[in-house]
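The residues making up each chain are set out below.
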Amino acid sequence: MDTIEMTDSTSNIIKAFKAIDFVNRFESITTHLDFNNRMTRIDKKEILYRLSKLGYEFKVITPGRDFYFDSKTDNWRFRFSFNLNGGVILPYIYVYDKHDNKIHYENSNLIYTYKYLIDDLDKIMNPSTVFCNYEEFDEIISGFLKLYEDFKVEYLMIS
């Protein structure tokens, strides 16, 4: 297993993921495997509209297909972001301290987090966050946003 530099904040990130049953929840979200029929062309405006219907005002990093949403407290800033690439959602969670320094965590990609928590960094992941239509996108991203919200609550309780 790769070594992650363990600061209290890094340790709290790992504790928070474990406390929200991240592994099982991630597995339940990532059941979409229809890679051959994935939605390779997306409309950014449609994605932003669907995210706003879920209650989030995401921003887009352009050029590209990276979307992000920030939440702030007095001492922390959390960012949920994802990249859409070839009909696959690649989600990330970042934590920043009150000075806006990013908390070092080896890789904030939730696929890596999953592999780290199951202690199998070499696990071959079938394209598991594949979506074939906007309804599947809604289902997958909604699951990831629930994970993000629960992660924030847990992290704040631990820290």
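Residues numbered from 1 in each chain as written. Predicted model: local features only at pLDDT ≥ 70, side-chain atom pairs only at ≥ 80, totals over all residues. Heavy atoms only, no water.

Asker: Quick question: what am I supposed to make of the packing of helix H2 (residues 22–29) against helix H4 (residues 110–117) here?
Answerer: Each pair of packed helices can be summarised by the angle the axes make with each other and by the distance between the axes. Relative orientation of the contacting elements H2 and H4 amounts to 130 degrees, with a least axis distance of 10 Å. With respect to H4, the axis of H2 lies oblique. The interaxial crossing formed by H2 with H4 has left-handed handedness. Packed against H2, whose contacting residues are Phe22, Val23, Phe26 and Glu27, the element H4 presents Leu110, Ile111, Thr113, Tyr114 and Leu117 at the interface. Class assignment for the residues of the contact of H2 with H4 results in 7 nonpolar, 1 polar and 1 charged. (Axes fitted to C-alpha atoms, helices over the stretch in contact; angles between N-to-C directions. Helix = DSSP H or I, 4+ residues; strand = E, 2+ residues; numbered from the N terminus. Parallel < 35°, antiparallel > 145°, perpendicular 65-115°, else oblique. Left-handed = near helix turned anticlockwise from the far one by under 90°. Contact = heavy atoms within 4.5 Å. Nonpolar A, V, L, I, M, F, W, Y, C, P; charged D, E, K, R; others polar.)

Asker: Would you explain the pairing of strand S3 (residues 77–85) in this entry?
Answerer: In regular strands, side chains alternate between the two faces of the sheet. Burial analysis of S3 places 8 of its 9 residues in the buried class, the great majority of the element. Sheet topology note: the strand S2 (residues 66–72)/S3 ladder contains 7 bridges and is antiparallel. Looking at S3, one finds that Asp70 is bridged to Arg79. Linking two consecutive strands that pair antiparallel, namely S2 and S3, is a turn of 4 residues. Here S3 runs beside strand S4 (residues 88–96); their pairing, made up of 9 bridges, is antiparallel. Of the residues in S4, the one forming a bridge with Phe78 is Val95. Between S3 and S4, which follow one another and run antiparallel, lie 2 residues, and Gly86 among them has a positive phi close to 60 degrees. (Buried < 20%, exposed > 50% of the residue type's maximum accessible area, 1.4 Å probe, protein only. Pairing = 2+ DSSP bridges.)

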